[in-house]
Amino acid sequence: MAEAETHAAATPAAAPGPGAAPPGATPARGPGAALLSALVRRRELSIVLVTIAAVVYFSVAGGKGFNTTNNYHIIMQYAAPWAIIGGAEALLLICGEIDLSAGFVYTFTPFVLTSFYDAGATVPFALIGALAVAAGVGLVNGLVRVLFNLSSFITTLGMGFFLEGMSYIQSRGEPTQPPIGGGLQRVIGGWRWSELVWALAIIAVLQIALSATRYGVYTQAAGGNPLSAAESGIKVGRIKIATFVVTSLLAGFTGILDQVRVGSFDPTSGGNTTMFMAVASAVIGGTALLGGSGTVVGALFGALLLGVINDGFNLIGVNAYAFDVVIGIAVVVAMLLNAYLASLRKRALR
Amino acid sequence: MTGEAADPNTAGTPAAADGAGAGAEVIRVERVSKRFGPVTALRDINLHVARGEILGLIGDNGAGKSTLIKILTGFHRPDSGRILFEGTETRLRSVAHARSLGIETVYQDLALIDGLPVYLNLHLNKELTHGPLPFLRRREMRRRAREALDSVGIEIPSVTAEVGQLSGGQRQAIAVARSVHSDAKLLLLDEPLAAMGAREGTQILRLLRRLKQRGDLAIILIAHNYSQVVDVCDRVNLLQHGEITFDRRSADTSVAELLELVHAEYRVEA
């Protein structure tokens, strides 16, 4: 994040190196080159531009319906859950892991809340209990991954199926009314824009953790080169477990947030769709699946783009099936673009 | 932590720059042996290095170089014999313990994180933060990284460049700089010149010479290229079948002699 301004500042001291032209030494020729170099340096920028382009396109093609408060609210409903879980998945991807169970934590956690409530707990305690269970799911994911060195793909795949089944058992396959009412409901999900506020706040916290704290450095090190990180004394396992816990906790919280807003706890909500959308948001936002680098803010824009496309397609009357076609293409194009930008960065430094 | 060590003006007392035996002894190994089951890896090894001295350690594959290095880094414990660190008998309990004493190793894999910038690699697991707050002091880390690299004359385009984008020689130099950066007293280099081109190898040798001239560091260099060893080291030790069979000042030996010693036993009869 802070890299951009420092490139220029850092060069004079090291300038005399033979054949070591500082990056940006090639003068930018016109706005095109300046934009290109900004694109190379800021991985979020390309997705922001694509999102703006999509908004402009649907504003024109979607008629008056697109630029209305009601429609923004619909886009928020799509994007906020994907953004929160996607931001956490971005952190997991950066440290070299993935959580396929996050969508089912989203589904399962509201029913845990209901169980605590039915057992006599007050709403705040039921909420805390449900979030603790969600965090516990992440702890199990992380411990199995680290202690048994089982790939997170398998670990969380199993956890996903397990939680899907548990959700059906807990709910007996029926949607139920959230037990939450009153003031607490307004804070979590009840107020019209509360999901957006939660999403922005959570993304901000996660991005700051990634780019401004030791945890962020260790996360990148753990994903980029776990062996080197361990040789340097970094507790790689602990970093991964903590990130699994954060992801599950946020997925569970999002499940409650989203379904309190809808007004129904539904065992068919969330699941694989939510998980895939969250991972797609992270990847489209510029986080590589290989680990080592990425961006949380990018996941927010990835989710926003997917929300805009989803909503825009509805408005202009495109078949809902086409949406998945677009996402499929978008994910692959995003990865190709990332690889291309990475090679540009390399060339700029050589 | 790095302030005075990194300052080029206080570096290299003339006496230390003079070469072998000039500085105080940093490490002395006395009659150290190590067995792995039926295999004797090291037998009665005697070895010593002083401040401001570079000792070249050569020998064929399997001669025991790695075992010896691993004993000095605290990874293996010797079966017999003793190790004196700065004149006091010391049992190196672990790698962390050896490190806390100032014994740093640059392994062949360098232990760098490609995706992180140079300055974060130099501070890896020793990041500076704002007191009790967990936030990174990036500006200060960049400044110190630049200082540390400048003080040993390492040229890289920028401390904010990602390590993965640098050349092999630059990466090696950064790994060395990181070890020195953390108040090292003894620096162990495991084949830093392997898989490196002639030009890059020369840059690393120059770096080692500058570190030697600072006079506060003892260096053990494992290498296969004997001309580079004779070139940069003050003294050469040859390890054969777990024993040190040759210990001489570089000035008193030659590449031809070293080659002859190492390869004599394998000569194919005509």
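- Under an unreviewed UniProt entry, chain B has the name Sugar ABC transporter ATP-binding protein and belongs to Actinocrinis puniceicyclus.

- Under an unreviewed UniProt entry, chain A has the name ABC transporter permease and belongs to Actinocrinis puniceicyclus.
- The UniProt entry for chain A carries this comment under Subcellular location (unreviewed entry): "Cell membrane".

What about the UniProt feature "transmembrane region" (unreviewed entry) in chain A?
Residue and element names in this part refer to chain A.
Item 1. Listed under "transmembrane region" (unreviewed entry) in the UniProt record, and renumbered for this structure, are residues 45-63, 75-95, 116-140, 146-163, 196-217, 278-309 and 321-341.
Item 2. Between the end C-alpha atoms of residues 146-163 the distance is 21 Å, and the span holds 78% helix and 0% strand.
Item 3. Taken end to end, residues 321-341 comprises 100% helix and 0% strand; its first and last C-alpha atoms sit 31 Å apart.

A word on the packing of aromatic side chains
Item 1. What the rule picks out here adds up to 6 aromatic pairs over all chains.
Item 2. Relative to F265 of chain A, the ring of F111 of chain A has its centre 6.3 Å away and its plane inclined at 80°; by these criteria the two rings are edge-to-face. In this pair, F111 of chain A sits in helix α5 (residues 102-118) while F265 of chain A sits in the loop between α12 (236-262) and α13 (271-284), placing the two residues 154 residues apart along the sequence. F265 of chain A matches F111 of chain A in its accessibility class, with the two residues each being buried.
Item 3. When the ring centre of Y119 of chain B is taken as reference, the NZ or CZ atom of R142 of chain B above it lies at 5.7 Å.

Focus: the side chain of S179 of chain B
Residues and elements named next belong to chain B.
Item 1. The residue S179 is located in helix α7 (residues 168-181) in this model.
Item 2. A polar atom in the side chain of S179 sits 3.2 Å from the backbone oxygen of A175.
Item 3. In this structure, S179 is in contact with E104, T105, V106, A184 and L187, ignoring residues within four places of it in sequence.

As for the packing of helix α3 (residues 45-61) of chain A against helix α14 (residues 296-316) of chain A
Residue and element names in this part refer to chain A.
Item 1. Following both chains from N to C, one finds α3 and α14 inclined at 15°, their axes separated by 9 Å at the closest point. Taken together, the axes of α3 and α14 lie roughly parallel to each other. The chirality of how α3 crosses α14 is left-handed. Seen from α3, the contacting residues are I47, V48, V50, T51, A54, V55, Y57, F58 and A61; seen from α14, they are G298, F301, G302, L304, L305, V308, I309, G312, F313 and I316.
Item 2. Considering only residue class, the contact of α3 with α14 consists of 15 nonpolar, 4 polar and no charged.

Thoughts on the sheet that holds strand β3 (residues 54-58) of chain B
Residues and elements named next belong to chain B.
Item 1. Spatial ordering of the open sheet is given by β6-β7-β8-β3-β9-β10, a layout of 6 strands whose pairing is mixed. Of all the strands in the sheet, just β6 (103-106) and β10 (243-249) have a single pairing partner and so form its edges. On average, adjacent strands in this sheet sit at an angle of 20° to one another, irrespective of strand direction.
Item 2. Relative to strand β8 (residues 218-222), β3 runs parallel, the two sharing 4 bridges. The residue of β8 that forms the bridge with I54 is I219.
Item 3. Contacts from α7 reach β6 and β7 (186-190) within the one sheet, and its direction differs from that of β6 by about 170°.
Item 4. Against the sheet, helix α10 (residues 255-263) makes contact with β3, β9 (235-240) and β10, and its axis sits at roughly 15° relative to β9, the strand it touches most.

A short note on the environment of F153 of chain A
All names here are of chain A.
Item 1. If you trace the backbone, F153 turns up in helix α7 (residues 152-171).
Item 2. Along the primary structure F153 and S101 are separated by 52 residues, whereas in three dimensions their C-alpha atoms are 9.4 Å apart.
Item 3. Not counting chain neighbours up to four residues away, the residues in contact with F153 comprise I98 and L100.

Remarks on unusual backbone geometry
Residues and elements named next belong to chain A.
Item 1. Its identity is not glycine, yet N149 carries a phi of approximately 50°, on the positive side.
Item 2. Residue position: N149 is located in the loop between α6 (123-147) and α7.
Item 3. When its relative accessible area of 61% is taken as the criterion, N149 is described as exposed.
Item 4. The residue R172 is not glycine, and still its phi comes out positive at about 55°.

Description of the pairing of β3 of chain B
Item 1. The element β3 of chain B is extensively covered by neighbouring structure, given that 5 of its 5 residues are classed as buried.
Item 2. Side chains I54, G56 and I58 of chain B project from β3 of chain B onto one buried face, and the interleaved L55 and L57 of chain B project onto a second face that is buried too.

Cut-offs applied
Residues numbered from 1 in each chain as written. Chains lettered and ligands numbered in written order. Predicted model: local features only at pLDDT ≥ 70, side-chain atom pairs only at ≥ 80, totals over all residues. Heavy atoms only, no water. UniProt positions renumbered as here; feature names shortened; annotations may be inferred. Helix = DSSP H or I, 4+ residues; strand = E, 2+ residues; numbered from the N terminus. Phe/Tyr/Trp six-rings, centres within 6.5 Å; stacked < 30°, edge-to-face > 60°. Buried < 20%, exposed > 50% of the residue type's maximum accessible area, 1.4 Å probe, protein only. Lys NZ or Arg CZ within 6 Å of the ring centre and 35° of its normal. Polar contact = N/O pair within 3.5 Å; in protein donor to acceptor, adjacent residues only side chain to side chain. Contact = heavy atoms within 4.5 Å. Axes fitted to C-alpha atoms, helices over the stretch in contact; angles between N-to-C directions. Parallel < 35°, antiparallel > 145°, perpendicular 65-115°, else oblique. Left-handed = near helix turned anticlockwise from the far one by under 90°. Nonpolar A, V, L, I, M, F, W, Y, C, P; charged D, E, K, R; others polar. Pairing = 2+ DSSP bridges.

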